[in-house]
Amino acid sequence: MPNELYFEDLHPGLKFNSSRSYKVTAEEIKEFAERYDPQPFHLDEAAGESSFFKGLAASGWLTAAIVMRLRVESIHIAGGMIGAGVEEIRWTQPVRPGDSLRTEAEILSVRHSASRPAFGVVRSRTVVFNQRDEVIMRSVVNFLAPLRTKP
């Protein structure tokens, strides 16, 4: 993968915008719900209308999966982005059919891993926006990044 990043390339304040936006479809919302989160407001427009959401709404877990894809496409960690924990995830607005999502990620802190000396731990914040620039999700996650120079 071109421009792969190593631990040494990452520092607090470094920002990554998603390389594209992702348009969510009603079919995708329903298919994900059918398989993983079968709640009425994720499965059916009429049920969604009479719910808290006042319309069909994507599962927060579908949103999180889309965000993961956008992060991986935008932050090219050598060997892949290895998850090391989620500190916080907040869904602030429902995602609707036709919404286009984009992400803005920022590195908050970096440290060498005590248990895995060939890796560093990177703490990052991601803010997710829809096409109206409304914040629909925020998260703080940790991931492992390999050191360019192995100890």
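The model shown is predicted, which means the values in this text are computed figures rather than measured ones. (Residues numbered from 1 in each chain as written. Predicted model: local features only at pLDDT ≥ 70, side-chain atom pairs only at ≥ 80, totals over all residues. Heavy atoms only, no water.)

Per the secondary structure count, the protein chain includes 4 helices and 6 strands. The secondary structure elements of the protein chain, listed N-terminal to C-terminal, are β-β-α-α-α-α-β-β-β-β. Projecting the C-alpha coordinates of the protein chain onto the three principal axes gives extents of approximately 60 × 30 × 25 Å. Residue burial in the protein chain is summarised as follows: out of 151 residues, 42% are buried. Within the protein chain, contacts between residues separated by at least 24 positions form 70% of all contacts whose residues are at least 6 apart in sequence. Summing over all exposed atoms, the protein chain offers an accessible surface of approximately 8,400 Å²; the carbon and sulfur share of this is 53%. Of the charged side chains in the protein chain, 19 are positive and 19 negative; the average position of the first set lies 6 Å away from that of the second. (Helix = DSSP H or I, 4+ residues; strand = E, 2+ residues; numbered from the N terminus. Buried < 20%, exposed > 50% of the residue type's maximum accessible area, 1.4 Å probe, protein only. Contact = heavy atoms within 4.5 Å. Areas by Shrake-Rupley, 256 points an atom, 1.4 Å probe, with all protein chains shown as cover. Lys, Arg positive; Asp, Glu negative; His and termini not counted. Charge placed at Lys NZ, Arg CZ, Asp CG, Glu CD.)

Across soluble globular proteins, nonpolar side chains have a tendency to be buried as a group. Among the nonpolar cores identified, the biggest contains 16 residues, and V24, I66 and L101 are the most heavily contacted of them. Secondary structure elements with two or more residues in this core: α1 (26-36), α4 (60-74) and β6 (135-146). With 4 residues, the top contributor of residues to this core is α4. If we ignore the near neighbours within four places in the chain, the residues touching I66 are Y22, V24, E28 and L101. In terms of nonpolar packing, the next biggest core, distinct from the first, is built from 13 residues, L5, I77, I107 and L147 among them. (Core = buried A, V, L, I, M, F, W, Y, C linked by side-chain atoms within 4.5 Å.)

Another aspect to go through is α4. Helix length check: α4 (15 residues) gives 21 Å between terminal C-alpha atoms against 21 Å at 1.5 Å per residue, within 8%. All buried positions along α4 are accounted for by G60, L62, T63, A64, I66, V67, L70, R71 and S74. The N-capping residue of α4, defined by a side-chain oxygen 3.1 Å from the backbone nitrogen of W61, is S59. (Expected span 1.5 Å × (residues − 1). Polar contact = N/O pair within 3.5 Å; in protein donor to acceptor, adjacent residues only side chain to side chain.)

Next up on the list: the packing of aromatic side chains. This structure, assessed with the given rule, holds 4 aromatic pairs. Ring plane angle 90° and centroid distance 5.1 Å describe the contact between F52 and F53, whose orientation is recorded as edge-to-face. A relative accessible area of 74% places F52 in the exposed class. Taken together, the aromatic side chains of F41, F52 and F53 make up a single cluster linked through ring pairs. (Phe/Tyr/Trp six-rings, centres within 6.5 Å; stacked < 30°, edge-to-face > 60°.)

Here we come to the pattern of salt bridges. Opposite charge on two side chains allows them to pair when their charged atoms are near. Under the counting rule described, the total for this entry stands at 10 salt bridges. The partner of D9 in a salt bridge is R148, with the nearest N and O atoms 2.7 Å apart. Residue D9 is located in the segment before β1 (15-17), and its partner R148 is located in the segment after β6; the two are separated by 139 residues in the primary sequence. In this structure D9 comes out as partly exposed when scored by relative accessible area, which is 26%. Here the residues in one salt-bridge network are R20, R69 and E73, joined through shared partners. (Salt bridge = Lys/Arg side-chain N within 4 Å of Asp/Glu carboxyl O.)

Looking now at α1. For α1, the full list of buried residues reads A26, E28, I29, F32 and A33. Viewed end-on, α1 has its buried residues packed into an arc of 165°, placing them on one side of the element. Counted as exposed and oriented over 90 degrees from the buried face of α1: E27, E31, E34 and R35. Buried residues belonging to α1 abut β2 (22-23), α2 (40-43), α3 (45-49) and α4. (Arc of directions from axis to C-beta.)

Purely geometric stuff here, so don't read any function into it on its own.
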